[in-house]
Amino acid sequence: MAISLTGIRPTGTPHLGNYLGMFRPALRLAHDHEALCFIADLHALIDVRDPEALRARTREMAAVWLACGLDPARAALYRQSDVLEICEVTWLLGCVAAKGVLNRAHAYKAAVAANRDAGRDPDAGVSAGLYGYPLLMAADILAPGADVVPVGRDQGQHVEIARELARAFNGAYGEVLRMPEALVDPTVMTVPGLDGRKMSKSYGNVIPLLAEPDELQRCVMRIVTDSRRPEEPKDPDTDTVFGLYREFAPEGDARAMRARYEAGGLGYGEAKAALFEVLDEYVREPRARYRALMADPGELDRVLAAGGARVRERAAATVDRMRSAVGIAA
Ligand code: ADP
Ligand code: TRP
């Protein structure tokens, strides 16, 4: 069975952008793939300096995966840091990676550009960890031999770098690494946030995925719309409220809502109320499962330990092949 693999950093409360861009496609792939899903705690260390917070966020993220429907009997759920082989693969890839590839990575380039704009040294505050981010991510993907990597559009470049590094390694040593492919859901691409920009925790414009009803309602009511009056026709394709409604409502309801937008006579207040209803219903069960999981840490630990052991076996086989290819083992 082909392998799908994806991870998320435990750096905040997951939001609807994460869900539509990554969790949902990953969980759908789990039906006909061996799905490997992980919490990228090593990547989180680049920004997080509070050990207790990292531990807590990692558990929360594990609970979110399970609450959203990951079945640990079929898919593997694990902590990146439990798969020690990933660090070794990172180094082996770093030795064939052109430094220029890392110079071009979006996150590093953005940090350098911000420093330049502020008149600072270009590398001020940039850790070697941030610079090497794409190497570690390539190792996440290549160590267990992933075929498909479901991610949001902003992560496409990282998967492309993983492919480039696999090519470089295989070019130097023969066909050792499997070539992965990114899967970016074309109907979702970039989920807009409350202010219409990409929904992102760094913009503070998110709708948390498992928000309690009152918070969910407050968020939905804050979504920015244009100033068209209720009687005017509206463009469903540029409106954030409809953009989200369409993803969560049954298809027939979404079609009917689209028609009402186009016909005029529907106010944004009413559209927001409909969005709130549909979201609240959609997350009711996951919200309850999440609460139950957080109350049972033993179960979370068991799931993570089993997932880690399963993925280590795969990663260890890759490491053996890589070691022997480069000449550091028989
Ligand atoms: P954030 O931008 O909030 O920090 P992350 O960078 O942690 O989110 O993203 C985790 C995963 O969710 C990635 O696969 C990313 O592509 C996806 N993702 C994040 N925000 C969105 C969005 N607005 N639309 C689609 N996918 C998203
Ligand atoms: N970089 C990803 C993000 O910020 C998280 C991640 C780490 C990842 N390793 C990965 C995603 C491997 C897919 C595959 O969202």
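For every chain, the first residue of the written sequence is number 1, and numbering continues from 1 onward in sequence order. Whichever chain is written first becomes A and whichever ligand is written first becomes 1, with later ones labelled in order. This being a predicted model, a pLDDT of at least 70 is required before a residue's local features are given, and a value of 80 or more before pairs of side-chain atoms are given or counted; all residues contribute to the totals for chains, interfaces and linings. Where side-chain values are given, they derive from all heavy atoms of the structure, hydrogens and water being excluded.

Student: Help me understand the overall build of the protein, please; the structure alone is not making it clear to me.
Tutor: A count of helices and strands for the protein gives 14 helices and five strands. Values of the radius of gyration come from C-alpha atoms, whereas the globule rule sets the reference at 2.2 Å times the count of residues to the power 0.38. Since a compact globule built from 330 residues should have a radius of gyration of about 20 Å, the 21 Å found for the protein is in line with a globular shape. Exposure categories follow from relative accessible area, calculated using a 1.4 Å probe and restricted to protein chains: below 20% of the type maximum is buried, above 50% is exposed, and the middle band is partly exposed. Residue burial in the protein is summarised as follows: out of 330 residues, 48% are buried. Within the protein, contacts between residues at least 6 apart in sequence are counted, and of these 76% link residues at least 24 apart. Note on areas: these come from Shrake-Rupley sampling with a 1.4 Å probe, and a residue is covered only by the protein chains present in the view. Summing over all exposed atoms, the protein offers an accessible surface of approximately 15,500 Å²; the carbon and sulfur share of this is 53%. Computed over 41 positive and 46 negative side-chain charges, the inter-centroid distance for the protein is 2 Å. Going along the chain from the N terminus, every DSSP run of H or I of four or more residues is numbered as a helix, and every run of E of two or more is numbered as a strand. Contacts between residues were defined by any pair of non-hydrogen atoms, one from each residue, lying within 4.5 Å. As used throughout, the charge tally considers Lys and Arg to be positive and Asp and Glu to be negative, leaving His and the chain termini uncounted. A charged residue contributes its charge at one atom only: NZ of Lys, CZ of Arg, CG of Asp or CD of Glu.

Student: Is there a simple way to explain the domain arrangement of the protein in this structure?
Tutor: The extent of an interface is frequently quoted as the accessible surface area lost upon association of the parts. The split into domains, and so the bounds of each, comes from an automatic or database assignment of domains. Per the domain assignment, the segments making up the protein are domain 1 (3–190 + 296–326) and domain 2 (210–290). A straight line from the C-alpha centre of domain 1 to that of domain 2 covers 32 Å. Opposite the 13 residues of domain 1 that make contact, domain 2 presents ten residues. By buried area we mean how much accessible surface two parts lose on assembly, using a 1.4 Å probe and totalling the loss over both. A buried area of about 930 Å², summed over both sides, lies between domain 1 and domain 2, and 63% of it is on carbon and sulfur atoms. Note on definitions: salt bridges are taken to be side-chain nitrogens of Lys or Arg within 4 Å of carboxyl oxygens of Asp or Glu. Taken together, domain 1 and domain 2 are joined by one salt bridge. Of the charged contacts in the structure, one is a salt bridge between E247 and R24, with a shortest N-O distance of 2.6 Å. Two N or O atoms form a polar contact when they lie within 3.5 Å of each other; inside protein one atom must be a possible hydrogen donor and the other a possible acceptor, and for residues adjacent in sequence the pair counts only when both atoms belong to side chains. Counting the contacts that link domain 1 with domain 2 gives three residue pairs in polar contact (both at pLDDT 80 or more). If one sorts the elements of the side of domain 1 that touches domain 2 by residue count, helix α3 (residues 51–67) sits on top with five residues.

Student: Explain the pairing of strand β1 (residues 3–8) here, please?
Tutor: On any regular strand, side chains alternate: one points to one face of the sheet, the next to the other face. Of all six residues in β1, five are buried; the element is thus mostly enclosed. Here, a strand pair is defined by DSSP locating no fewer than two bridges between the strands. Here β1 pairs with strand β2 (residues 34–39) via six bridges, running parallel. When the sheet's bridge partners are listed, S4 is paired in β2 with A35.

Student: Just checking my understanding: could you explain the site of ligand 1 for this structure?
Tutor: Here a residue counts as near a molecule or strand whenever at least one of its heavy atoms sits within 4 Å of it. Around ligand 1 sit 18 residues, and of these H15, D154, V191, S200 and K201 come closest. Take R9: an N or O atom from its side chain is 3.4 Å from an oxygen atom of ligand 1. Starting from 540 Å² of accessible surface for ligand 1 in isolation, the protein chains cover 94%. Each cavity reported here is a set of points on a 1 Å grid over the protein atoms alone in which a 1.4 Å probe fits but cannot get out, each pocket an open set with protein on both sides within 12 Å along at least five of seven lines, and each lining residue one with an atom within 4 Å of a point. For a molecule to be placed in a cavity or pocket, more than half of its atoms must lie within 2 Å of the grid points of that cavity or pocket. Among the detected pockets, ligand 1 sits in the largest pocket. It is helix α1 (residues 16–29) that provides the largest number of residues to the shell around ligand 1, a total of four residues.

Student: Is there a simple way to think about the site of ligand 2 in this case?
Tutor: Around ligand 2, the structure places 14 residues, and the nearest of them are R9, Y133, M137, D140 and Q155. The side chain of Y133 places a nitrogen or oxygen atom 2.6 Å from a nitrogen atom of ligand 2. In isolation ligand 2 has 370 Å² of accessible area, and contact with the protein removes 92% of it. When atom positions are compared with the pocket grids, ligand 2 is found to occupy the largest pocket. Of all the secondary-structure elements, those providing two or more residues to the shell around ligand 2 are β1 and α8 (133–142). The leading source of residues in the shell around ligand 2 is α8, at four residues. Polar here means any residue outside two lists: the nonpolar Ala, Val, Leu, Ile, Met, Phe, Trp, Tyr, Cys and Pro, and the charged Asp, Glu, Lys and Arg; Gly therefore counts as polar. Among the residues forming the shell around ligand 2, the class breakdown is eight nonpolar, four polar and two charged.

Student: Sorry if this is basic, but what is going on with the nonpolar core here?
Tutor: Burial of nonpolar side chains together is a common tendency in soluble globular proteins. Counting residues in each nonpolar core, the largest one holds 57 residues, and the members touching the most others are W65, L77, I207 and L275. If you list the elements that add at least two residues to this core, you get α1, β2, α3, α10 (213–221), α11 (240–248), α12 (251–263), α13 (268–294) and α14 (297–326). The element contributing the most residues to this core is α13, with nine residues. In terms of domain composition, this core takes at least three residues from each of domain 1 (3–190 + 296–326) and domain 2 (210–290). The contact partners of L275, leaving out residues within four places of it in the chain, are V220, I223, V241, L244 and Y245. Among buried residues, those of type Ala, Val, Leu, Ile, Met, Phe, Trp, Tyr and Cys that are joined through side-chain atoms within 4.5 Å constitute a nonpolar core. If you look at the next biggest cluster of nonpolar residues, it comprises 46 residues, including L5, A97, L135 and L177.

Student: Sorry, what's going on with the environment of G125 here?
Tutor: Tracing the sequence through the fold places G125 in the loop between α6 (106–117) and α7 (128–131). On the basis of relative accessibility, which here comes to 85%, the residue G125 falls in the exposed class. Here the alpha-carbon distance between G125 and A111, two residues 14 residues apart in the chain, equals 8.5 Å.

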